[in-house]
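# Chains, contacts and geometry: an overview
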Amino acid sequence: MAERTKGYKELFTEVIETGLCALCGACADGCPYLVYYKGRIVLLDNCTLSKGQCYEYCPRTYIDMDAISQQVFGVPYSEDEIGVTKEVFVARSTDAHIKEKAQYGGVVTTLLSLALTEGFIDSAILTKTSVDKVPTPFLAQNAEEVLQCTGSNYMACPVVARLNQVPRNDSNKLGVAAMPCQVLAITKMKKVPPENRVNISNVKLIVGLFCTWALSPDGFYQFLAKNLDLSQVEKFDVPPPPTNRFDVYTTSGKLSFSLEEIRQYALPTCAYCLDMTSEFADISVGSAEGVAGWNIVITRTDIGAELVKVAKAKKKIETDRLPSENLAHLKEAALLKKKRALNEIIKRTGSTDNLLYVRLSPRVIERLLEYKWIKR
Amino acid sequence: MASIDIDAPGTSQLFIGNEAIARGALEAGIGFAAAYPGTPSSEILGSLAAVAKKSGIYAEWSVNEKVAVEAAAGASFAGIRALAAMKQNGINVVSDFLANVVMSGTGKAGLVLISCDDPSAISSSNEQDTRPIAKWLDIPLVEPGDFQEAKDMTKWLFDLSEELGTLCMLRSVTRIAHARGNVKLGGLPRKEHKAYFEQLHDLKRVTPTTFMPVPSSIRHSFLHMKMDRAREKFELSPFNRYVGPDKAGLLIVTCGSCWLYSQDAVKALKLDDKVGILKLGTLWPLPEKFVAEYLNKSQNILVVEEIDPFLERSIMEMIANLPPSSPHPTFYGKRSGHLNAYGELNPDMVIKAIANILHISYQSRDIEYGRKAEAATKSYVPGRTLTFCPGCPHRATFWAIKNALKLDGRNGLVTGDIGCYSMALGPAGFFQLRTMHCMGAGSGVANGLGKLGQFGFNQPVLAVIGDSTFYHAGIPALINGIYNQSNFVLIILDNGGTAMTGFQPHPGTGMTAMGEPTKVVSMEALCRSLGARVELCDPFDFKSTTATLLEMMAEGGGAKVVIMRRECELVRSRKEKKPPYKVYVDPDKCIGEACGCDRLCTRVFQCPGLIWDKKAGKAKIDDVICTGCGVCADVCPQGAIIKEKT
């Protein structure tokens, strides 16, 4: 198909220059020309190749959701708001040390630590925050290093670029903690494996994170730097609605910003994203609104389920049933993201036949679209 | 080939024009020579410095051309014959002093200025003709037509300078300066030099000796009198002569290397009996009587000279002053379009002009033969682009600059000037240079760009400057940038010498022109003392160099300095003999076109030591050319280029 012969030029004209780039890092460090630097994808020199992996793996270029879903789960793209699931429940770490540092229930940290110690993986690509709060991809080799990556700062981070840096002959089994767009990029890589760089079959575990939007590491960072001493920051948090706040915990106390003020630094591309719960991950983890100190966990694949099983057996996490009203709330939020995104896409293209980067079955489009939205 | 100080009067020696000039100076008994290196002039001081100790003279590489002439004038003021040499651009640098020293007059000893022009700018930023400065500032000017004259004129100019009491100038061009010919030698005076600044004026011995241009009106009229005396001398000069028939169909008036081209052209056309050549050696002031006498030879006059129509216009002016009854010849040359007013000339061009004027047809060679000869020649010559040498630190520097500017993302730009690094205009420096003018201009231009913030300008500005150029003309620009808080980064490309012109030492090298160790004028200490933030980088370390540049650009504020320190590879390889690394491509790791790197090494990085093996479809190191710097190992994304310590 035509899309297969596109390269960096189209990546720029179709994605980066149109504000669709998610800064996932899929196009970066896979070749000597494209790199990520301070919130931008930078082209260091012109490349003459007409076909590029940079375009191929971008989560904002051609994606047939049914094909991707078939590849991961063996079924077409789910009509379910939160994708294909095995189990949905709440969980939290039993490790006091992790819980203390963790954003919510510490489940991501606990599961990845466990995956490392139990040999599911040999190393994990995570996001580490520097002293001055710049998020940077990091290859954690042990539980100790996983712990260093705990917590979120809500900024986009080119995690997939770190994956692109792993030498092809490196046989370490990899785990990745990824945002939905990054999960999509890695899934695309698995579908058409890179020819000469990363051995994508090394990626054994994808822990997907819930995401409603990610903040620009450039704009948001500058906003923060203007307002406070970033080295004093201990934690960022978006408390559940209806607080409508963005809280920054510093060594000298808590600072709150209105969510509207913060959201202007969200990447424009997040408005076009259909996926809140990392639907193609092995396990998805996010905050559990209304259940403070816990995470919502969704297992989707066998390896995901297996890891949770071991975690439970080893008492690394404790789990509980997700109350049905909370599940309904989660699904509503996920569906809202899909609807909004689809409407934004159609607003941009002016047609349901052209959904920018995504291809959905007419059935799914119909379900997501409420016709009054289009008519508006 | 003989050294310029060979004591063999009467013998003929094969000298390049620059050596002939240096020999002329030795025969004139100079005691002092100063120059700033610049092609095609560098061998004048170079050859004098090489024999300076033996010959009991002093020779120096001055920090710039202005200081060179000023220093030489100092020697002249104290009774020592002195010479200063430079390329055409240097004349601009020293022009302010020249405009004043012509008024003040020279000392008891002669003062001679050599300007080597570079028609076609073969090794220059421009091809300006320096002769007009002689007319502009009232300087007696000669131009040698061959190598013998180069020597003889130089020697004679010292006598003339002393007789007139003014600085005299010799203008040479690349084909005289760098071509080689027989020169019949005179004797070497071998005199003891005694320098003394006479405090009392000669005339009454009551007023102090002063060298200054004031009172200017009086001094100016004195200068005109000196020029009149010079004209009288020039009327009788053996450097001016006519060859040809008594009545000619065409008179060529020529000078310099065009004298040789004109002779060749007339000979090739077999027009010796129809075309006469008036060869002038003394160009300004024009020996009008002498010239007028020969203008009668023909109604048609073709002026052949490089580069501007200097003689052509001077002769036209002269004719305007002749009585109305005088013949009014038709002029051919640059104004008529028969010859170019740009670039070098050659015998073919002169032939074409003559044939055109005389309506004769001439085919210099069989066209088919010419085509074949050209094709045959080309088959032996590998295609080469202007590039940095293998192992050149500049390539690494510009790689880091290119990446840093791209990463910075604010569309930063590089201003630059004259040196090997000027090649960053092209692929060798990844097309990074945006401005290139005279010595130090990049730093000056950066001063302006760096102050445009109030007009919305936020592009980072990087000014590159060579180490020698920094001492020559960069320091005032840096001071200005610090004083006026101009936002730019001055990048000094310190490769440890004046590389482009032949590794002449400069104030940062700790070595003099005469090979004596001396104090190092530390550029970092100097810059820091001015209050600039100074960072030292090894350009071969891409990562930290790029990071330093990024950080300096991000910091903003007034002018700051990054010194890229890496010895010129040509110098290192001469000293160390063996390369630092054995570099090779691991054929298993280099996967060629399949890599996705799109031949970064040979397509973008383009070190001449890297070649693309078309047959194997992989990169390869050219072992003959590779200097083993190992930099390309950091360029290959596959780690396929291996460097091993030797």
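Scoring rules and cut-offs
Residues numbered from 1 in each chain as written. Chains lettered and ligands numbered in written order. Predicted model: local features only at pLDDT ≥ 70, side-chain atom pairs only at ≥ 80, totals over all residues. Core = buried A, V, L, I, M, F, W, Y, C linked by C-beta atoms within 7 Å. Buried ≥ 20, exposed ≤ 12 C-beta atoms within 10 Å, placed from the backbone. Helix = DSSP H or I, 4+ residues; strand = E, 2+ residues; numbered from the N terminus. Contact = placed C-beta atoms within 7 Å. Pairing = 2+ DSSP bridges. Axes fitted to C-alpha atoms, helices over the stretch in contact; angles between N-to-C directions. Domains from an automatic or database assignment. Nonpolar A, V, L, I, M, F, W, Y, C, P; charged D, E, K, R; others polar.

## What about the nonpolar core?
Counting residues in hydrophobic clusters, the biggest one holds 197 residues, and the most contacted among them are A:Ala124 and A:Val176. It is helix α14 (residues 393-408) of chain B that contributes the most residues to this core, eight residues altogether. Leaving out residues up to four positions away in the same chain, A:Val176 has contacts with A:Ala124, A:Ile125, A:Val159, A:Leu163, A:Ile186, A:Val203 and A:Ile206. Within the second largest apolar cluster, 116 residues are counted, among which are B:Ala25, B:Val101, B:Phe234 and B:Phe331.

## Section: the sheet that holds strand β19 (residues 534-537) of chain B
Residue and element names in this part refer to chain B. Pairing within the open sheet is parallel, and its six strands lie in the order β16-β15-β17-β18-β20-β19. A strand with exactly one partner marks an edge of an open sheet, and here the two such strands are β16 (433-436) and β19. Strand after strand, the sheet turns through a mean of 25 degrees between neighbouring axes, direction not considered. Of the strand pairs in this sheet, strand β18 (residues 489-494) and strand β20 (residues 560-565) are connected by six bridges, and their pairing is parallel.

## Thoughts on the domain arrangement of chain B
All names here are of chain B. What the domain assignment lists for chain B is domain 1 (12-235), domain 2 (241-357), domain 3 (393-575) and domain 4 (578-645). The gap between the C-alpha centroids of domain 1 and domain 2 is 27 Å. Tallying the contact residues gives 25 residues for domain 1 and 21 residues for domain 2. Put simply, the parts of the chain that give the side of domain 1 that touches domain 2 at least two residues each are α5 (132-137), β6 (141-142), α6 (147-164), α7 (174-177) and α8 (216-235). Counting residues per element, the side of domain 1 that touches domain 2 draws most heavily on α8, which supplies five residues. By residue class, the composition of the side of domain 1 that touches domain 2 is 13 nonpolar, two polar and 10 charged.

## A word on the interface of chain B and chain A
When the parts of a complex come together, some accessible area is lost, and that lost area is often used as the size of the interface. Between chain B and chain A, the residue contacts involve 13 residues of the former and 14 residues of the latter. Elements with a contribution of two residues or more to the side of chain B that touches chain A: α14 and α20 (600-605) of chain B. Element by element, the count of residues in the side of chain B that touches chain A is highest for α14(B), at three residues.

## Concerning the domain arrangement of chain A
Residues and elements named next belong to chain A. Looking at the assigned domains, one finds that chain A contains domain 1 (2-216 + 266-375) and domain 2 (219-258). Each of domain 1 and domain 2 was reduced to a C-alpha centroid, and the two centroids are 24 Å apart. Each partner contributes to the interface: domain 1 provides 13 residues, whereas domain 2 provides 10 residues. Split into classes, the residues belonging to the side of domain 1 that touches domain 2 amount to five nonpolar, five polar and three charged.

## What to know about the sheet that holds strand β10 (residues 250-254) of chain B
Residues and elements named next belong to chain B. With mixed pairing, the five strands of this open sheet are ordered in space as β9-β11-β10-β13-β14. Each edge of the sheet is formed by a strand with only one pairing partner; in this case those strands are β9 (241-243) and β14 (330-332). Shown here is a sheet whose adjacent strand axes are inclined to one another by a mean of 20 degrees, direction ignored. Examined bridge by bridge, β10 and strand β13 (residues 300-304) share four bridges and lie parallel to one another. Looking across to β13, one finds that Thr254 is bridged to Val304. Running at roughly 170 degrees to strand β11 (residues 275-279), helix α9 (residues 258-268) makes contact with β10, β11 and β13 of the sheet.

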